[in-house]
Amino acid sequence: MGQLGTTLFHARVSEYTVFISVFFAFQKKMRFFSFEHFRRTDLANKAFKEAQNQDPTFLQGWTGQAFIAETYGYEDEAMDLFRHCISLGNGLEASLGYGHFICKTLQVISEKQKENAAPHEKHTSSHSQYIVEKMYGVSVAVDSLTRYVERVTNDPCALNMLGVLYERQNLLKSSKKMLTKSLKLSGPAEQNLVLANLARVLYKLEELEASIKCYQKVQSRDFESNCGLALSCWKAGKLEEAYGAYAEALQMAKSGEQRSHILAAMATIAYKFQVI
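These numbers come from a predicted model, not from an experiment.

How each quantity is defined
Residues numbered from 1 in each chain as written. Predicted model: local features only at pLDDT ≥ 70, side-chain atom pairs only at ≥ 80, totals over all residues. Heavy atoms only, no water. Helix = DSSP H or I, 4+ residues; strand = E, 2+ residues; numbered from the N terminus. Buried < 20%, exposed > 50% of the residue type's maximum accessible area, 1.4 Å probe, protein only. Core = buried A, V, L, I, M, F, W, Y, C linked by side-chain atoms within 4.5 Å. Phe/Tyr/Trp six-rings, centres within 6.5 Å; stacked < 30°, edge-to-face > 60°. Lys NZ or Arg CZ within 6 Å of the ring centre and 35° of its normal. Contact = heavy atoms within 4.5 Å. Expected span 1.5 Å × (residues − 1). pLDDT = per-residue confidence, 0-100.

Undergrad: Give a detailed account of the environment of Gln251, specifying residues and quantitative values.
TA: If you trace the backbone, Gln251 turns up in helix H13 (residues 239–252). For Gln251, a relative accessible area of 68% gives the class exposed.

Spelled out as structure tokens, the structure:
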């Protein structure tokens, strides 16, 4: 590339970098952004790289590149970039992005443990699992999301994620507080997920009646929600309701192992009926 071509390229990238910066300022108010609206994600990536070259501490440059990596499915790179972003400063988008990755990784790890899946399954890499388990991923995500919700107090998604991460740390009262706030702010599409999370935490706090009410408010309960409802009813001494919830869960069981556990629980309840 000749000198003129190089000059024009840098001018174009610089112009695009200014556009990206303005775009970030606008999107901070909306608290989300998507590169699907960009016609040239490759040019956006070059712009972010140029911004990093000009100023390695420029937070928006790293955050933008993290979201591009996420968009194209480079999850290990995206997680590393988000983690680097939160080490540079309290960026709202980076805090939310990193918290999302940690929650998603925890969910997949939990599913693998339930199904005894091999480490390479479920599309979660050993790198992501290493960050969660060996590099205090949950603690870092909690710190970043805590700073986020202090500045953005009406984001139900962030409050829900923070509540789930508090639960992971066994800080159940803090988890209940965040999930309760999230539920008040959630729309119809998000309420079922938040209700199920809150009901699970209430069960662990032994607030059984409140847990049962939350589970009963969940529309179209799935296998886990029905099992959770059954456990709460069982512990509260409501055997008929527990048996009915297990019966619904049995219809949703996806494996022989799940059906075996449910049938054993139902048999225990039936025996309890005879004793009473």
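Undergrad: How would you sum up the nonpolar core? Please name residues and give values.
TA: Phe82, Tyr98, Ile102, Leu145, Tyr148, Leu162 and Leu165 are the most contacted members of the largest nonpolar core, which totals 33 residues. At eight residues, helix H5 (residues 92–115) tops the list of elements feeding residues into this core. If you look at the next biggest cluster of nonpolar residues, it comprises 26 residues, including Leu172, Leu179, Ala199 and Ile269.

Undergrad: Pulling in residues and values, what's your account of the packing of aromatic side chains?
TA: Applying the stated criterion across every chain yields a total of one aromatic pair. For the pair Phe82 and Phe101, a centre-to-centre distance of 5.7 Å together with 45° between the ring planes defines the contact as tilted. Placement of the pair is Phe82 in helix H4 (residues 75–88) and Phe101 in helix H5, with a sequence separation of 19 residues. Look at Phe101 and you get buried, because its relative accessible area is 1%. Residue placement shows Lys104 over the ring face of Phe101; its charged tip is 4.7 Å from the ring centre. Over the ring of Tyr203 we find Lys235; its NZ or CZ atom is 5.4 Å from the centre of that ring.

Undergrad: Could you give an account of the side chain of Ser144, with specific residues and numbers?
TA: Within the secondary structure, Ser144 sits in helix H7 (residues 137–151). A residue is classified by how much of its surface remains accessible, and Ser144, at 0% relative accessible area, is buried. Filtering out sequence-adjacent residues up to four positions away, Ser144 remains in contact with Ile86, Ser95 and Tyr98.

Undergrad: Give a detailed account of helix H10 (residues 188–204), specifying residues and quantitative values.
TA: In this model, H10 (17 residues) spans 25 Å end to end at C-alpha, consistent with the 24 Å of a helix rising 1.5 Å per residue. Along H10, the positions that sit buried rather than exposed are Val194, Leu195, Ala196, Asn197, Leu198, Ala199, Val201 and Leu202. Check the buried side of H10 and you find it contacts helix H8 (156–168), helix H9 (172–185), helix H11 (208–217) and helix H12 (223–235). Trailing H10 by a residue or two, Glu206 shows a phi angle of about 65°, which is positive.

Undergrad: I'd like to hear about the confidence of the model for the protein chain, residue by residue, with values.
TA: In this model, the protein chain carries a mean pLDDT of 79, and residues with pLDDT of at least 70 account for 76%. For residues 1–38, every residue scores under 50 in pLDDT, and the model assigns this stretch 50 contacts once sequence neighbours within four places are set aside. Scored below 50 in pLDDT, residues 117–122 makes nine contacts in the model with residues more than four places away or belonging to other chains.

Undergrad: Got a sec to walk through the environment of Leu96? Specific residues and values, please.
TA: Topologically, Leu96 is positioned in helix H5. Judged by relative accessible area, Leu96 falls into the buried class, the value being 15%. Distance from Leu96 to Leu162, taken between C-alpha atoms, is 9.9 Å for residues 66 residues apart in sequence.

Undergrad: Any chance you could break down the side chain of Ser95 for me, citing the residues and the numbers?
TA: Tracing the sequence through the fold places Ser95 in helix H5. Aside from chain neighbours lying at most four places away, what touches Ser95 is Ile86, Ser144, Leu145 and Tyr148.

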